[in-house]
Amino acid sequence: MRQPSEFDDRPWQRVDPGRVAGVDAVPTMLAAEEQKLYFWLTSEWMQGRGDVVDVGCFAGGSTARLAAGHAQAGHGGKVHAYDRFTAAAGVKRRQLYQKGIAPFDGPDIFPLAQSLLAPWADRIDFHRGNIEDLGWPGGPIEVLTLDASKKTDLTDRMTADFFPSLIPGRSVIVQQDFLHWSQPWIAAQMVGFGDHFEPVGFAPNDTVIFLCRKPITAEALSAARIDNLSDADLLDAVSQTRQTLAPFSVAHRLDRMEKGIRDNPGVRIAWQMKWRGDKC
Ligand SMILES: C[S@@+](CC[C@H](N)C(=O)[O-])C[C@H]1O[C@@H](n2cnc3c(N)ncnc32)[C@H](O)[C@@H]1O
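Residues numbered from 1 in each chain as written. Predicted model: local features only at pLDDT ≥ 70, side-chain atom pairs only at ≥ 80, totals over all residues. Heavy atoms only, no water.

### Here's the deal with the site of the ligand
Filter applied, for reference: Neighbouring residues are identified by heavy atoms, a residue being near a molecule or strand if any of them is within 4 Å of it. Under the rule applied, a polar contact is a pair of N or O atoms within 3.5 Å (in protein, one hydrogen donor and one hydrogen acceptor; residues adjacent in sequence only if both atoms are side-chain atoms). A 1.4 Å probe and the Shrake-Rupley method give the accessible areas. Residues count as covered only by the protein chains that appear here. Helix and strand labels come from DSSP, where a helix needs a run of H or I of at least four residues and a strand needs a run of E of at least two; each type is numbered from the N terminus. Gly falls in the polar group here, along with every residue not listed as nonpolar (Ala, Val, Leu, Ile, Met, Phe, Trp, Tyr, Cys, Pro) or charged (Asp, Glu, Lys, Arg).
The full set close to the ligand counts 19 residues, and Thr28, Gly56, Ser62, Asp83 and Glu132 are the nearest of them. A distance of 2.8 Å is found between a nitrogen atom of the ligand and a side-chain nitrogen or oxygen belonging to serine 62. Within the complex, 91% of the 600 Å² of free accessible area of the ligand lies under protein. Among the secondary structure elements, those contributing two or more residues to the shell around the ligand are α3 (61-73), α6 (131-134) and α7 (152-162). In the shell around the ligand, the residues fall into 8 nonpolar, 6 polar and 5 charged.

### Structural notes on the environment of glutamate 34
Let me state the cut-off plainly: Exposed residues in this analysis have more than 50% of their type's maximum accessible area, buried residues have under 20%, and partly exposed residues fall in between, with area computed by a 1.4 Å probe over protein chains only. Throughout, a residue-residue contact means that at least one pair of heavy atoms, one from each residue, lies within 4.5 Å.
With respect to the helices and strands, the residue glutamate 34 is situated in helix α2 (residues 32-45). Assessed through its relative accessible area of 2%, glutamate 34 is described here as buried. Expressed as a C-alpha distance, the spacing of glutamate 34 and threonine 207, which sit 173 residues apart in the sequence, is 7.1 Å. Ignoring sequence-local partners within four residues, the contact set of glutamate 34 consists of Gln176, Ala203, Pro204, Asn205, Asp206 and Thr207.

### Some remarks on the sheet that holds strand β6 (residues 197-203)
Going by this rule: Two strands qualify as a pair provided that DSSP identifies no fewer than 2 bridges between them. Note on geometry: axes are C-alpha line fits, over the in-contact stretch for helices, and angles between N-to-C directions span 0 to 180 degrees.
Strand order in the open sheet made by the 7 strands is β3-β2-β1-β4-β5-β7-β6, with mixed pairing throughout. If you trace the sheet from one side to the other, it starts and ends with β3 (124-128) and β6, each paired once. Adjacent strand axes in the sheet meet at a mean angle of 20°, parallel and antiparallel pairs treated alike. Sheet strands in contact with α2 are β1 (51-55), β4 (141-146), β5 (172-175), β6 and β7 (207-212), and its direction is about 170° off that of β5.

### Quick look at the environment of arginine 268
Structurally, the position occupied by arginine 268 is in the segment after α11 (251-263). Residues arginine 268 and serine 182, spaced 86 residues apart in sequence, show a C-alpha to C-alpha distance of 9.1 Å. Excluding anything up to four places from it in sequence, arginine 268 contacts Lys150, Lys151, Thr152, Trp185, Leu229, Ser230, Asp231 and Leu234. Looking at arginine 268, its side chain comes within polar contact range of the side chain of aspartate 231, at 2.7 Å.

### Some thoughts on the packing of aromatic side chains
Selection rule: Aromatic pairing here means that ring centres of Phe, Tyr or Trp (its six-membered ring) are within 6.5 Å. Orientation follows from the plane angle: under 30 degrees is stacked, over 60 is edge-to-face, and everything else is tilted. Each ring is checked for a lysine NZ or an arginine CZ that lies within 6 Å of its centre and within 35 degrees of its normal; such an atom marks a charge sitting over the ring.
Within this structure, the stated rule accounts for 15 aromatic pairs. The interplanar angle of 45° and the centroid separation of 5.5 Å between the aromatic rings of phenylalanine 178 and phenylalanine 210 together place this pair among those described as tilted. Remark: phenylalanine 210 occurs in strand β7 and phenylalanine 178 occurs in the loop between β5 and α8 (185-193); sequence separation between them is 32 residues. On the basis of relative accessible area, phenylalanine 178 is assigned to the buried category, the value being 1%. According to the relative accessible area criterion, phenylalanine 210 is buried, its value standing at 4%. An aromatic cluster is present here, built from Phe7, Trp12, Trp40 and Trp45 joined pairwise through their rings. Stacked on the ring of phenylalanine 104, the Lys or Arg lysine 92 has its end atom at 4.3 Å from the ring centre.

### Description of the pairing of strand β2 (residues 79-83)
Successive residues of a regular strand alternate their side chains across the two faces of the sheet. Across the 5 residues of β2, 5 count as buried, placing the element largely inside the fold. Burial along β2 is two-sided: Val79, Ala81 and Asp83 and His80 and Tyr82, pointing in opposite directions, are all buried. Sheet topology note: the β1/β2 ladder contains 4 bridges and is parallel. Bridge pairing in β2 links valine 55 to tyrosine 82. Of the strand pairs in this sheet, β2 and β3 are connected by 5 bridges, and their pairing is parallel. Bridge pairing in β3 places tyrosine 82 opposite histidine 127.

What follows is the structure, given as structure tokens:
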């Protein structure tokens, strides 16, 4: 029997927009409700028992929402921003210029991210490079936001680096791409972790929040590896996810995930997954 959770009525929806006004200048790929969730997690929910880690910061949008909440709550500790901080011309055009950033030369977006995040610089640590090579220096993580699980092999490596530092009974992971049809391996990973995590909340468009229930051991990591899974394994995991996510009424999203697996046999890289059929 699922216990009621403090995430059930999506309390981040009630965040006063005036409190987050300062982050509007920082462009983000997050949907509006996801942005509120990120701010609420650090301003209202977290207790300051560990650091905040943002895996996939891009130009700073998600990190800004986390850092603004962290600052308003007066937490010590740090917000860690991981990314390689590069962007191709098309991404710059769609995600930066169309959102108010002045055009600039080259793929390097690190100076831009630093400047956009300057209001919270005292609490942000930048980790620049390939996330799977950078690793985590150690220390408890209370909020872990994940937006870079685009390839199964790299996701396994990132998971092994960060998840053992979660605090059982306290830490949350925010799987930002969980419900996106192009990354079905995230659902499979969470099925593999079994009762180490409990799904506690959902924020449209794609985010599912999990509370860490048990220490993440080497055995748990091994059971949750995704790079070795077959398409049949992925389909089975989506089927199991239907039960665990039933309270969030997301069956139609899982239908799309199943179609994505069937239409893309053996593909394990998000940007190589092709949607066939109606516009997605
Ligand atoms: C969807 S974007 C993140 C969007 C961001 N959270 C926001 O609020 O706008 C994913 C980011 O992950 C980064 N990324 C993906 N895989 C990576 C890897 N293996 N190493 C470093 N960065 C990676 C990309 O550079 C990209 O900026």
